[in-house]
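The chain contents come next:
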Amino acid sequence: MVIALSFIIYHLPFSFAYGQTAKQVLDKTAAIVAAKSGAKASFTIKGEQFNTSGTIAAKGKKFQATTPQATIWFDGKTQWTYLKKNDEVNVANPTESELAAINPYNFIYMYQKGYKYTMEKKNGSFIVHLTATDKRSIQEMYITINSKSHIPSQIRMRQQKGWTTIDISGFKQSKLSDGMFRFNSKDFPNAEVIDLR
């Protein structure tokens, strides 16, 4: 009886604490990534539909992403996508799934509701596995986070059309102005603007 009780007391708190640690790791990572001043990084995206690389500047939910094919601005509600090949700008109000496909840091808002998580530590990184608890466009995610800096280095997410992997490098907190997250027509005077809202 004493041995059985000792086993339960020893193992249950460990499981509980381990689950809490995953949440704490995500909370700390979210606080670093969503710095009020802003942050910049480079990224590479590999998915079923497309592969690309570029740079991203983020500040809270706002971001600006630049790739060889396009530049995207998102001010927290509206997204402008400038397609270099066509010299046109598509204006839209994106879904959670669409945001996650181009903004590697969107997970810092998604994990807080509708997901359960587990975590393992491997090669100096936390690997947090998120699984949706209801119907969502992103059913599953793996987030690799440096165990010392709490900066994410990779996000893998499963959507209806398969897995997308986003590798992140060169993360640096920066002081960014709000204006850089909105499309400025003066910079693209000849671009055709197509409103898809």
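For clarity, every value in this text was computed on a predicted model and none was experimentally measured.

Visitor: Outline empty space enclosed by the protein, supporting the account with residue identities and numerical values.
Guide: Going through the model one piece at a time under the given rule, you end up with one cavity of 30 Å³ or more. Forming the walls of the largest cavity are Ala-100, Asn-103, Pro-104, Asn-106, Phe-107, Met-110, Met-141, Ile-155 and Met-157. Secondary-structure elements contributing two or more residues to the lining of the largest cavity are α3 (107-110) and β10 (152-159).

Visitor: For the pattern of salt bridges, give the residues involved together with the corresponding values.
Guide: Note on pairing: side chains with opposite charge can pair once their charged atoms come close. Scanning the entire structure with this criterion turns up seven salt bridges. We note a salt bridge from Lys-59 to Asp-178, for which the minimum N-O separation is 3.0 Å. Highlighted residues: Lys-59 in strand β2 (residues 51-59) and Asp-178 in the loop between β11 (162-173) and β12 (192-195), separated in sequence by 119 residues. The salt bridge involving Asp-75 is made with Arg-182; its shortest N-O contact spans 2.5 Å. Of the two residues, Asp-75 is situated in the loop between β4 (70-74) and β5 (79-83) and Arg-182 in the loop between β11 and β12; the sequence distance between them amounts to 107 residues. One continuous salt-bridge network, built from bridges that share partners, spans Lys-59, Lys-62 and Asp-178.

Scoring rules and cut-offs
Residues numbered from 1 in each chain as written. Predicted model: local features only at pLDDT ≥ 70, side-chain atom pairs only at ≥ 80, totals over all residues. Heavy atoms only, no water. 1 Å grid on protein atoms, 1.4 Å probe; cavity = no way out; pocket = protein on both sides within 12 Å on 5 of 7 lines; lining within 4 Å. Points joined across faces, edges and corners; volume = space filled by probe spheres on them. Helix = DSSP H or I, 4+ residues; strand = E, 2+ residues; numbered from the N terminus. Salt bridge = Lys/Arg side-chain N within 4 Å of Asp/Glu carboxyl O.

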